[in-house]
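Residues per chain are reported as follows:
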Amino acid sequence: PGIKELERLLVGRLFEHDGDPAADWAFQNVVTYQNTNGEKKFDKRRATQKMDPMQVLAMAAGRASLHLNAGNVVKGAVLL
């Protein structure tokens, strides 16, 4: 869900990093694949450089979307 949300932000031009060179570097290193369920995932094995900052950003975007779309959260679920 995090990659999907991050993609939505990027395509919709809702994410800015003000030309930060570290962010540019991390974006360029991302390699993704789509599994049989249609979900996109990061592929660290095919990446030539580190893409850890993008993994963290995707996790944060997915987590934030849960709070923005609180109706999607199962009642009684605990977010760790």
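Below is a summary of the structure that appears in this document.

Calculation criteria
- Residues numbered from 1 in each chain as written.
- Predicted model: local features only at pLDDT ≥ 70, side-chain atom pairs only at ≥ 80, totals over all residues.
- Heavy atoms only, no water.
- Buried < 20%, exposed > 50% of the residue type's maximum accessible area, 1.4 Å probe, protein only.
- Helix = DSSP H or I, 4+ residues; strand = E, 2+ residues; numbered from the N terminus.
- Arc of directions from axis to C-beta.
- Salt bridge = Lys/Arg side-chain N within 4 Å of Asp/Glu carboxyl O.
- Contact = heavy atoms within 4.5 Å.
- Core = buried A, V, L, I, M, F, W, Y, C linked by side-chain atoms within 4.5 Å.
- Polar contact = N/O pair within 3.5 Å; in protein donor to acceptor, adjacent residues only side chain to side chain.

## Points about helix H1 (residues 2-11)
Phase 1 of the analysis: Considered for burial, the residues of H1 that qualify are Gly 2, Ile 3, Glu 5, Leu 6 and Leu 9. Down the axis of H1, the smallest arc covering the buried residues is 160 degrees, so these residues share one side. Among the exposed residues of H1, those oriented more than 90 degrees off its buried face are Lys 4 and Val 11.
Phase 2 of the analysis: A positive phi of about 55 degrees marks Arg 13, the residue just after H1.

## What about the pattern of salt bridges?
Phase 1 of the analysis: As enumerated under the stated definition, the model contains five salt bridges in all.
Phase 2 of the analysis: Glu 5 is paired through a salt bridge with Arg 8; the nearest N and O atoms lie 2.8 Å apart. With Glu 5 and Arg 8 both in helix H1 and three residues apart, the pair spans about one turn of that helix.
Phase 3 of the analysis: Residues Glu 7 and Lys 40 are paired through a salt bridge, measuring 2.7 Å at the closest nitrogen-oxygen approach. Taken as a pair, Glu 7 in helix H1 and Lys 40 in strand E2 (residues 40-42) lie far apart in primary sequence, 33 residues in all.
Phase 4 of the analysis: By sharing partners, the salt bridges in this structure join Asp 43, Arg 45 and Arg 46 into a single network.

## A word on the side chain of Asn 29
Phase 1 of the analysis: Among the structural elements, Asn 29 can be located in helix H2 (residues 21-29).
Phase 2 of the analysis: The buried category is assigned to Asn 29, whose relative accessible area is 9%.
Phase 3 of the analysis: Leaving out residues up to four positions away in the same chain, Asn 29 has contacts with Ala 47, Gln 49, Lys 50 and Met 51.

## Section: the nonpolar core
Phase 1 of the analysis: Within the largest apolar cluster, 11 residues are counted, these being Ile 3, Leu 6, Leu 9, Ala 26, Val 31, Phe 42, Ala 47, Met 51, Met 54, Ala 58 and Ala 61.
Phase 2 of the analysis: Breaking this core down by element, the ones donating at least two residues are H1 and helix H3 (52-68).
Phase 3 of the analysis: Contact partners of Leu 6, with chain neighbours within four places excluded, come to Met 54, Leu 57, Ala 58 and Ala 61.

## Looking at the environment of Gln 55
Phase 1 of the analysis: Its location among the elements puts Gln 55 in helix H3.
Phase 2 of the analysis: For Gln 55, a relative accessible area of 30% puts it in the partly exposed group.
Phase 3 of the analysis: Separated by 13 residues in sequence, Gln 55 and Phe 42 have C-alpha atoms that sit 7.6 Å apart.

## Thoughts on H2
Phase 1 of the analysis: Taken together, the buried positions of H2 are occupied by Ala 23, Ala 26 and Asn 29. Viewed along the axis of H2, the buried residues span an arc of 130 degrees, placing them on a single side of the element. Every exposed residue of H2 that faces more than 90 degrees away from the buried side is listed here: Pro 21 and Gln 28.
Phase 2 of the analysis: Structurally, H2 contributes buried residues whose contacts are with H3.
Phase 3 of the analysis: Where H2 starts, the residue carrying a side-chain oxygen 2.9 Å from the main-chain nitrogen of Ala 22 turns out to be Asp 20.

Purely spatial values, then, with no claim about function.
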